[in-house]
Amino acid sequence: MAHRLLFASLTFVAAAAAALTVTPAPLSAQVVTVDEGSFTITQNGVPAGREDFSIRSTPGIGGTIFRAQATVMLDGRRIAPALSTDPSGAPLSYQVEVRTGDQTERLTGQVSRGRVSIHRQGPGGASAKEYVMADGALILDDEVFHQYYFVARRSPLPATISVLVPRSGAQMTMRLVSRGDATVTINRRSLPATHLVLTDPGAGDREIWIDAAGRVLKVAVPGRSLVAIRDEAPR
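A short tour of the structure in this document, coming up. (Residues numbered from 1 in each chain as written. Predicted model: local features only at pLDDT ≥ 70, side-chain atom pairs only at ≥ 80, totals over all residues. Heavy atoms only, no water.)

Attention now moves to the pairing of strand β2 (residues 46-60). The sheet contact formed by strand β1 (residues 32-43) and β2 spans 11 bridges and is antiparallel. Across the sheet, F39 pairs through a bridge with E51, a residue of β2. Linking two consecutive strands that pair antiparallel, namely β1 and β2, is a turn of two residues; a positive phi of about 55 degrees is found at N44 within it. Bridging between β2 and strand β3 (residues 63-74) involves 12 bridges; their strand directions are antiparallel. Paired with I55 across the strands is A68, a residue of β3. Counting the residues in the hairpin turn of β2 and β3 gives two residues. (Pairing = 2+ DSSP bridges. Helix = DSSP H or I, 4+ residues; strand = E, 2+ residues; numbered from the N terminus.)

Here we take up the side chain of Q147. On the secondary structure map, Q147 appears in the loop between β9 (138-139) and α2 (148-152). Reaching out from Q147, the side chain makes a polar contact with the side chain of Y94 at a distance of 3.4 Å. The residues contacting Q147, other than those within four sequence positions of it, are P81, L83, Y94, I139, L140 and D141. (Polar contact = N/O pair within 3.5 Å; in protein donor to acceptor, adjacent residues only side chain to side chain. Contact = heavy atoms within 4.5 Å.)

When you line up the elements, T100 lands in strand β5 (residues 91-100). When its relative accessible area of 40% is taken as the criterion, T100 is described as partly exposed. For T100, the residues in contact, after removing those within four places along its chain, are G76 and R77. (Buried < 20%, exposed > 50% of the residue type's maximum accessible area, 1.4 Å probe, protein only.)

This brings us to the pattern of salt bridges. All told, the structure shown has 15 salt bridges when counted by the stated rule. With its nearest N and O atoms 3.0 Å apart, the salt bridge here joins E143 to R224. Taken together, the residues E143 in the loop between β9 and α2 and R224 in the loop between β14 (216-221) and β15 (226-230) connect sequence positions 81 residues apart. Overlapping salt bridges bring together D75, R77, D141, E143, R167 and R224 as one network. (Salt bridge = Lys/Arg side-chain N within 4 Å of Asp/Glu carboxyl O.)

Moving on to the pairing of β3. Inspection of the sheet shows β3 paired to strand β4 (residues 77-85) by seven bridges, in the antiparallel sense. If you follow F66 over to β4, its bridge partner there is T85. Hairpin geometry of β3 and β4 is characterised by an intervening segment of two residues between the two adjacent antiparallel strands and by a positive phi of about 50 degrees at D75.

We now examine the environment of E207. Its place among the elements puts E207 in strand β13 (residues 206-210). Separated by 15 residues in sequence, E207 and P222 have C-alpha atoms that sit 8.1 Å apart. Residues within four places of E207 in sequence aside, it is in contact with H195, L196, V197, K218, V219, A220 and P222. Within the structure, E207 has its side chain in polar contact with the side chain of H195 (distance 2.8 Å).

Below, the discussion takes up the packing of aromatic side chains. Aromatic ring pairs: the centre-centre distance and the angle between the two ring planes describe each pair. Scanning all chains against the criterion turns up three aromatic pairs. Here the aromatic rings of F66 and F150 are separated by 6.3 Å at their centres, their planes lie at 85 degrees, and the arrangement is edge-to-face. With a gap of 84 residues between them, F66 in strand β3 and F150 in helix α2 connect regions that are remote in the sequence. F150 sits in the buried class, given a relative accessible area of 2%. Where Y149 meets F150, the ring centres are 5.3 Å apart and the plane angle is 80 degrees; that geometry is what we call edge-to-face. For the pair Y149 and F150, one class covers both residues: buried. (Phe/Tyr/Trp six-rings, centres within 6.5 Å; stacked < 30°, edge-to-face > 60°.)

In short, shape yes, function no, at least from these values alone.
The structure is reproduced here in structure tokens:
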């Protein structure tokens, strides 16, 4: 009987200890979808492509990390960018793959101590280049539209923003201003928006319309007659 009581007591203690041991939830359970959806892209008013995208936040060792990725189909090309940033939108890493027919080009970039190292692999071989990144600089890839979410997070306005365009290697300083309240019609619904304009004398203007949560509703690049507008209102 004594042995049975001792066994029961030990079993109770073990069960209590197990109950008090809290296993942290896996980081994947804490991933938050910031925005996801799709854009229809037109050029000169004619349908030219589509972008499906997602932006998610996840806990990281040094704080929250945003991960933005997409698949863009445009002019017979498939562009697949993946960007990781800190909460301000400053890049931590970047990858993009561009497929044209049976040819593929891959570009990867890593940011460290104010510099970004870009490695390119394509039909013409491999190359590498390093750029100096100003504090608070952003990455904006050509023909990719969901990344303007990180532009819209900048405040107060007006703001001056350093921008790196990885595929072309262009670096520029752009100015972001607000044109005030506006509306955007999506799927026959008129949605309230804020109209922003990102300007640069060399690169031309990019117009951005965002909702109250900063999610991108529409982007226009007048110099290329490109417009990307969401297929559905953000949820």
